[in-house]
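Residues per chain, in single letters:
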Amino acid sequence: MKQAEDEYSIIVENVNKTFNVYLDKANTIKEKLLFLFSRNKKEKRIVLEDISLKIKKGEVVALIGTNGSGKSTLLKLMTQIIYPNKGKIITKGKLTSLLELGAGFHPDFSGRENIYFNASIFGLTRKEIDERIEDIIEFSELRPFIDNPVRTYSSGMYMRLAFSVAINVDADILLIDEILSVGDEHFQNKCFEKMLELKQKGKTMIFVTHSMDSVKKLCDRAIWLYKGKIKMDGNTKEVVEEYVKETK
Amino acid sequence: MINVFKNLYKYRELLKTNVKKEIRGKYKNSFLGVLWSFLNPLLQIIVYALIFQVILKNPQENYAIFLCCGLIPWTFFSSATTRSAFTMIENGNIIKKVYFPREILPISIVTSEAVNFMISTIIILGFVIFGGIGISKYIVFYPLVLLAQYLLLIGLSLIISSISVYVRDLQHLIGVVMQLLFYATPIVYSSETIPDNFKWILYLNPMTYIINGYRDIFYNQQMIDIIPTLCLIIISIVLCFIGYIIFNKLQKGFAEQL
């Protein structure tokens, strides 16, 4: 049993997630006391219902589905930013998520300082960052600006820097949310090449994306989420074909 | 439990950069910069000395020295607890987007304040040297008292920072509580001058033992009360455990609450 589990990078077991939607959120003691008498303002919304899936080591998986189907929530659960109400999620190995690029960038610090800060959020040590800093700067193509404060960057430059840090963390599992559209076409192609390279290295990757072209080119498996449930799970080509047919 | 330390060790670089950011960020954009670390407590001592010695005629010998041994550790205590009530909300942006051990945030607040306190200790040393008291051999116990205070603050900040995410009132409440505690701690007065029927308040307050400890080292130049100090360290370690349990329970909802 133990050995069989070793093949998997991510195991999701019967996960349920509901969000409490407050029509009028109580944050203070006074409001909370008042809330005791008027509970009806709270609404439960089920985002994910009884999701179970296993992702093998080295598998590249796409999560597809319309807006609000729970893709991003599933990714957040895997990163441990939020926790499930029921069920459990096991991940093995170092995990990096690119949920939103440049989270935690400090606008007044220089690009170089932000690389250190951002990489340390991903759990790298100083030595590990020192080893990677050249690669990161090289990949971002921002060498002339690297010692300027990040607030002077354009949004494209910002994304490039953030992506370069995340991609160089050397994680075993990469979770990527809607960010294959980083920068200009030249940089996008470069990112794509890098993803393929990482795939060849045997990294586990999970994408959330609406770009069916990149899904077809990159992923071996696709999971279609619909209203918080898995509607289809299997070979990329078949799932994407079904999905495109349905949504048209 | 071992996992906690493993995780913290793994993220030590984040802890380090965060502490640096806290220290550097505190005086950013101010004219005098880090000099405020000295200037702030110094001005405070002048204000209190003016009120309690010159106007209210406190009979304490070397009152300014007496005062600074209490006021500087108090500033460490009150700013660490107050700032931990704000840290989660200030960092909400990162918490919602990246995973990292959340306890890094309160721990780096307390650690950066501890570094600040160690820098401010130079003021105490300056006072005792130029005030003619000199430095005693009991200064070897300074790290022990500091350890007691550090552990106490880690425990408290874990609790305060996690609860303040759910009950934002804590941010406003904490200022008043600190003011009350300020007068319930022998900072501007000596614990001996308090009437016997009120002394129990001081004995219940952990900061009493800490400030008396610093005062024994620098002002009275005598052996600290070692048994209460060691007891306080043990209690603080227990508090850290309890704090961590509470923190761990509450942190699961952070991203949704913020």
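Residues numbered from 1 in each chain as written. Chains lettered and ligands numbered in written order. Predicted model: local features only at pLDDT ≥ 70, side-chain atom pairs only at ≥ 80, totals over all residues. Heavy atoms only, no water.

**Brief notes about the overall build of chain B**
Convention followed: Going along the chain from the N terminus, every DSSP run of H or I of four or more residues is numbered as a helix, and every run of E of two or more is numbered as a strand. For the radius of gyration, the atom set is restricted to C-alpha positions; the globular benchmark scales as 2.2 Å times the number of residues to the power 0.38. For the exposure calls, accessible area comes from a 1.4 Å probe over protein chains only, and a residue counts as buried if that area is under 20% of its type's maximum, exposed if over 50%, partly exposed in between.
From N to C terminus, chain B includes 12 helices and 0 strands. Along chain B, helices (α) and strands (β) appear in the sequence α-α-α-α-α-α-α-α-α-α-α-α when read from the amino end. Radius of gyration (C-alpha) of chain B: 19 Å, near the 18 Å computed for a compact globule of 258 residues. Dimensions of chain B, computed from the C-alpha atoms along their principal axes, are close to 55 × 45 × 35 Å. The 258 residues of chain B split such that 51% are buried.

**Here we look at the overall build of chain A**
Spelled out, the test is: Any two residues whose heavy atoms approach within 4.5 Å at even a single point are treated as in contact.
Of regular secondary structure, chain A possesses 9 helices and 9 strands. The burial tally for chain A puts 48% of its 248 residues in the buried class. The contacts of chain A with a sequence gap of at least 6 include a subset with a gap of at least 24, amounting to 71%.

**Remarks on helix α7 (residues 185-200) of chain A**
Residues and elements named next belong to chain A. What counts here: Each residue after the first adds 1.5 Å to the expected span of a helix. Summarising the geometry, the arc corresponds to the directions from the helix axis toward the C-beta atoms.
With 16 residues, α7 should cover 22 Å at 1.5 Å per step; its first-to-last C-alpha distance of 23 Å lies within 8% of that length. Taken as a whole, α7 has its buried residues at Phe187, Cys191, Phe192, Lys194, Met195 and Leu198. On an axial view of α7, the arc spanned by its buried residues comes to 160 degrees, and they lie on one face. Summarising the geometry of α7, the exposed residues directed more than 90 degrees from the buried face are Glu185, Glu193 and Gln200. If you follow the buried residues of α7, they end up packed against α5 (126-140), α6 (155-167), β6 (173-177), β7 (204-208) and α8 (212-218). At the exit of α7 stands glycine 202, carrying a positive phi of roughly 85 degrees.

**Structural notes on the packing of aromatic side chains**
Residues and elements named next belong to chain B. The condition is simple: In this scheme Phe, Tyr and Trp rings, the latter by its six-membered ring, pair at centre separations within 6.5 Å, and the angle between planes marks the pair as stacked below 30 degrees, edge-to-face above 60, and tilted otherwise.
Across all of its chains, the model carries 19 aromatic pairs over all chains by this definition. Here phenylalanine 117 and tyrosine 142 contribute two aromatic rings whose centre-to-centre distance is 6.2 Å and whose plane-to-plane angle is 25 degrees, an arrangement assigned as stacked. Highlighted residues: phenylalanine 117 in helix α6 (residues 104-130) and tyrosine 142 in helix α7 (residues 142-166), separated in sequence by 25 residues. Like tyrosine 142, phenylalanine 117 is buried. Aromatic side chains tyrosine 142 and phenylalanine 218 sit 5.9 Å apart centroid to centroid with 70 degrees between the ring planes, which places their arrangement in the edge-to-face category. In this pair, tyrosine 142 sits in helix α7 while phenylalanine 218 sits in helix α10 (residues 206-220), placing the two residues 76 residues apart along the sequence. Of the two residues examined, tyrosine 142 and phenylalanine 218, each falls in the buried class.

**Focus: unusual backbone geometry**
Residue and element names in this part refer to chain A. Phi at asparagine 14 takes a positive value of approximately 45 degrees, unusual for a residue other than glycine. Here asparagine 14 lies in strand β1 (residues 8-22). For asparagine 14, a relative accessible area of 43% translates into the label partly exposed. In this model, aspartate 50 sits at a positive phi of 50 degrees, which is unusual for a non-glycine residue.

**Looking at helix α2 (residues 12-26) of chain B**
The first and last C-alpha atoms of α2(B) sit 21 Å apart over 15 residues, in line with the 21 Å expected at 1.5 Å per residue. For α2(B), every residue scored as buried is listed here: B:Glu13, B:Leu14, B:Thr17, B:Asn18, B:Val19, B:Lys21 and B:Glu22. Along its buried surface, α2(B) packs onto α4 (111-121) and α5 of chain A together with α4 (63-90) and α6 of chain B.

**What about the confidence of the model for chain A?**
Selection criterion: Every residue carries a pLDDT, the predictor's confidence in it, which falls somewhere between 0 and 100.
Per-residue confidence for chain A gives a mean pLDDT of 82, with 88% of residues at or over 70. Here helix α1 (residues 2-6) of chain A stands out as the least confident element of chain A, with mean pLDDT 55; α5(A) is the most confident, with 90.

**Examining the interface of chain B and chain A**
Keep this limit in mind: Within this document, salt bridges are pairs made up of a side-chain nitrogen of Lys or Arg and a carboxyl oxygen of Asp or Glu, the two lying within 4 Å of each other. Polar contact is the term for a pair of N or O atoms within 3.5 Å; when the atoms are in protein, one must be able to donate a hydrogen and the other to accept it, and sequence-neighboring residues count only if both atoms are side-chain atoms.
With 28 residues of chain B at the contact, the number on the chain A side is 31 residues. Between the two partners, chain B and chain A, sit 2 salt bridges. With a closest N to O distance of 2.8 Å, B:Glu256 and A:Lys17 form a salt bridge. The interface formed by chain B and chain A contains 3 residue pairs in polar contact (both at pLDDT 80 or more). Where the side of chain B that touches chain A is concerned, the elements lending two or more residues are α2, α5 (92-95) and α12 (254-257) of chain B.

**Some words on empty space enclosed by the protein**
Rules: A 1.4 Å probe that fits but cannot get out identifies a cavity on a 1 Å grid over protein atoms alone, an open set with protein on both sides within 12 Å along at least five of seven lines counts as a pocket, and a residue lines either if it has an atom within 4 Å of a point. Grid points are joined across faces, edges and corners, and a volume is the space filled by probe spheres set on the points.
Going through the model one piece at a time under the given rule, you end up with 4 cavities of 30 Å³ or more. The computed volume of the second largest cavity comes to approximately 50 Å³. Taken together, A:Phe117, A:Ile121, B:Leu14, B:Asn18, B:Lys21, B:Asn91, B:Ile94, B:Phe100 and B:Leu105 make up the lining of the second largest cavity. At the level of secondary structure, the elements contributing two or more residues to the lining of the second largest cavity comprise α4 of chain A together with α2 of chain B. Ranked by the residues each element gives to the lining of the second largest cavity, the list is headed by α2(B), at 3 residues.

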